[in-house]
Number of protein chains: 2
Amino acid sequence: MKDFTIVSNIVIRRMTRYRRALNDLLKGGVRVISSANLGNLINHAASQIREDLNHFGAFGLKGYGYNVEWLYHQINVILGLDNNYKMIIVGTDNLGQAIANYTHFYQSGFDTVALFDLSSELIGLRINDIKVFDFHNIDEYLKRNQIDIGIIATNKESAQGVADKLIEGGVLGIWNFAPADLIVPDDVAIENMHLSHSLHILSCQINQNSVGVDLRKSS
Amino acid sequence: MKDFTIVSNIVIRRMTRYRRALNDLLKGGVRVISSANLGNLINHAASQIREDLNHFGAFGLKGYGYNVEWLYHQINVILGLDNNYKMIIVGTDNLGQAIANYTHFYQSGFDTVALFDLSSELIGLRINDIKVFDFHNIDEYLKRNQIDIGIIATNKESAQGVADKLIEGGVLGIWNFAPADLIVPDDVAIENMHLSHSLHILSCQINQNSVGVDLRKSS
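Here's what I pulled together on the structure shown here. (Residues numbered from 1 in each chain as written. Chains lettered and ligands numbered in written order. Predicted model: local features only at pLDDT ≥ 70, side-chain atom pairs only at ≥ 80, totals over all residues. Heavy atoms only, no water.)

### So, the environment of B:Val77
Residues and elements named next belong to chain B. Take Val-77: it is sitting in helix α4 (residues 68–78). Residue classification places Val-77 among the buried positions, given a relative accessible area of 18%. Spatially, the C-alpha atoms of Val-77 and Asp-181 are 29 Å apart, while their sequence positions differ by 104 residues. (Helix = DSSP H or I, 4+ residues; strand = E, 2+ residues; numbered from the N terminus. Buried < 20%, exposed > 50% of the residue type's maximum accessible area, 1.4 Å probe, protein only.)

Written as structure tokens, this is what we have:
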């Protein structure tokens, strides 16, 4: 059992930024960093960083700073990155394939072990050396294999049904790329990647930047 | 010129959720909805919805509710979705291709008009009927074509250099998929889609759900 308290998603989001900065520092051979310098790197106040890290125990040494390697390791533990996760992806069009590719090359500790689709043209193929299974057999697959994370890369209409099957099959978390708000039990983690929301936020920002000047309307 | 005030990204994020719910209602033939019912649909308090919408003018009619079609249209205007955006994607591996595919099929008003890459194997090809150009020629391309949004789907190391070229070429906003925090001027909109952050937030949630029980460690 780990002795940290439940913290908000906002703190967790900052943790992922700290982690990335620390990783860069490690690669650059930096061994110790003050909260002020860490703050400069990621545009956060030193006080914010100290407060966030204090959630998880007093990591810094006054007048000395943080040991980069140790702090990096601690944040990995906080983020659950010291575990290995077995993942499957449901939906194997370009997006599903991009996700499989991404996890294969960039994310150690997150292993995509199977893909699922309904298309007879895809079932049986291997994509990035991962086999595509018939979605109709997912119940059976989940009974036989312990899967930690189910990734949904289907259309909106299919997403909740897929989520229900994944949850029934015992996944601990769902990474949802479908543009749908899914209903999941409290003990199942869920994280949404809504491309359309992100794009609309961008267009809204562009629009707000243009307030007071002529809005460019392309035809 | 539009007469709304600059609001926070958090409000904008909720707006994108309202928009999706209203779109579903429209498709279902619903013409009027109260803030309470809209709130139920998206798990927000009615008071929150009224407050958000009041930022942009008093849309609701007391005792009557919101005209769904009109509100949907207003939110589109707020989000800048009544404009058309010309986009280019830099980096055309699976992720770049998935984005091109996504914008092609799911996002009217956001037209991807060109792809850029450094790979001689890809330059000259058409992906989803969009031509892949040599990234070395992007300055010239941006001089000749008015591009609103530049999408970065490169690796982390290349991302800032690509962003600089896009900004120099006059894009209004950057949709960044590279795992890097980019430095952009205040008048250029930026929205990040950090896959790794999202995945780490998910693993952290899973970890937090497992506090107090044995953590599953897959070997």
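On we go from here.
### Here we look at the sheet that holds strand β6 (residues 130–134) of chain A
All names here are of chain A. Here seven strands make up an open sheet; going across it, the order is β5-β6-β4-β3-β7-β8-β9 and the pairing mixed. Looking at which strands have only one partner, the edges of the open sheet turn out to be β5 (126–127) and β9 (189–192). Taken together, the three bridges between strand β4 (residues 110–117) and β6 define a ladder with parallel strand orientation. Counterpart to Phe-116 in the pairing with β6 is Phe-133. In the packing of helix α7 (residues 156–168) onto the sheet, the strands contacted are β3 (85–90), β7 (149–152) and β8 (173–176), and the crossing angle to β7 comes to about 170°. (Pairing = 2+ DSSP bridges. Contact = heavy atoms within 4.5 Å. Axes fitted to C-alpha atoms, helices over the stretch in contact; angles between N-to-C directions.)

### Quick notes on the nonpolar core
For soluble globular proteins, nonpolar side chains are generally found buried alongside one another. If you look at the biggest cluster of nonpolar residues, it comprises 94 residues, and the most contacted ones within it are A:Met15, A:Ile149, A:Trp175, B:Met15, B:Ile149 and B:Trp175. In contact with B:Trp175, other than residues within four places in its own chain, are A:Leu195, A:Ser198, A:Leu199, A:Leu202, B:Ile99, B:Tyr102, B:Ile149, B:Gly150, B:Ile151, B:Ile152, B:Glu191 and B:Met193. Counting residues in each nonpolar core, the second largest holds 22 residues, with B:Ile88, B:Ala114, B:Ala163 and B:Val171 among its members. (Core = buried A, V, L, I, M, F, W, Y, C linked by side-chain atoms within 4.5 Å.)

### Observations concerning the relation of the copies chain B and chain A
Look at the two chain copies: a rotation about an axis and a shift along it is all it takes to match them. For these two chains of identical sequence, chain B goes onto chain A by a turn of 180° and a shift of 0.0 Å along the axis, with RMSD 0.0 Å. In the structure described here, the two chain copies are related by an operation that fits a two-fold rotation axis. (Least-squares fit on C-alpha atoms with pLDDT ≥ 70 in both.)

### Section: the interface of chain B and chain A
Each partner contributes to the interface: chain B provides 79 residues, whereas chain A provides 79 residues. Both sides together, the interface formed by chain B and chain A hides about 7,400 Å², and carbon and sulfur atoms give 56% of it. Remark: the boundary between chain B and chain A carries 29 residue pairs in polar contact (both at pLDDT 80 or more). For the side of chain B that touches chain A, the secondary-structure elements that each account for two or more residues are α1 (9–27), α4, β3 (85–90), α5 (94–106), β8 (173–176), β9 (189–192) and α8 (195–209) of chain B. Of the residues in the side of chain B that touches chain A, the class split is 35 nonpolar, 28 polar and 16 charged. (Buried area = accessible area lost by both parts, 1.4 Å probe. Polar contact = N/O pair within 3.5 Å; in protein donor to acceptor, adjacent residues only side chain to side chain. Nonpolar A, V, L, I, M, F, W, Y, C, P; charged D, E, K, R; others polar.)

### Some details on helix α3 (residues 46–54) of chain A
An α-helical turn contains 3.6 residues, so any two residues separated by three or four positions project in the same direction. Residue and element names in this part refer to chain A. Those residues of α3 not exposed but buried are Ile-49, Asp-52 and Leu-53. Down the axis of α3, the sector holding all buried residues measures 95°, keeping them to one side. Where α3 is buried, its residues contact α1 (9–27), α2 (35–42), β2 (66–67) and α4 (68–78). (Arc of directions from axis to C-beta.)

### Some points on α7(A)
Residue and element names in this part refer to chain A. Here α7 has its buried residues at Ala-159, Val-162, Ala-163 and Leu-166. Buried positions in α7, seen along its axis, are confined to an arc of 110° and lie on one side of it. Relative to its buried face, α7 has exposed residues pointing more than 90 degrees away, namely Glu-157 and Glu-168. Where α7 is buried, its residues meet β3, α6 (138–144), β7 and β8. Directly beyond the C-terminal end of α7, a positive phi value near 95° is found at Gly-170.

### Some remarks on the side chain of A:Thr92
All names here are of chain A. Position of Thr-92 among the secondary structure elements: in the loop between β3 and α5 (94–106). A polar atom in the side chain of Thr-92 sits 2.5 Å from the side chain of Asp-117. Discounting residues that sit within four places of it in the chain, Thr-92 has contacts with Gln-97, Leu-115, Phe-116, Asp-117, Leu-122, Ile-127 and Val-132.

### What to know about the packing of α1(B) against helix α2 (residues 35–42) of chain B
Residues and elements named next belong to chain B. Contact geometry for α1 and α2: axes closest at 10 Å, N-to-C directions at 105°. Taken together, the axis directions place α1 and α2 in an arrangement best described as roughly perpendicular. Of α2, the residues touching α1 (which contributes Arg-17, Tyr-18, Ala-21, Leu-22 and Leu-25) are Leu-38, Leu-41 and Ile-42. When the residues that make up the contact of α1 with α2 are grouped by side-chain class, the tally is seven nonpolar, no polar and one charged. (Parallel < 35°, antiparallel > 145°, perpendicular 65-115°, else oblique.)

### Quick look at the packing of aromatic side chains
Aromatic ring pairs are defined here through the distance separating the ring centres and the angle between the ring planes. All names here are of chain A. Tallied over the entire structure, the rule returns ten aromatic pairs over all chains. Their ring planes at 70° and their centres at 4.8 Å tell us that Trp-175 and Phe-177 sit as a pair that is edge-to-face. Per residue, the accessibility class of Trp-175 equals that of Phe-177, and both read buried. Linked through ring pairs, Phe-116, Phe-133 and Tyr-141 together constitute an aromatic cluster. (Phe/Tyr/Trp six-rings, centres within 6.5 Å; stacked < 30°, edge-to-face > 60°.)

### Here's the deal with the sheet that holds strand β7 (residues 149–152) of chain B
All names here are of chain B. The mixed open sheet is built from seven strands, whose spatial order is β5-β6-β4-β3-β7-β8-β9. Looking along the sheet, the strands with just one partner apiece sit at the ends: β5 (126–127) and β9. Two elements, β3 and strand β4 (residues 110–117), share six bridges in a ladder whose sense is parallel. Within β4, the position partnered with Tyr-85 by the bridge is Phe-110. On the sheet, helix α7 (residues 156–168) packs against β3, β7 and β8 and is oriented at approximately 170° with respect to β7.

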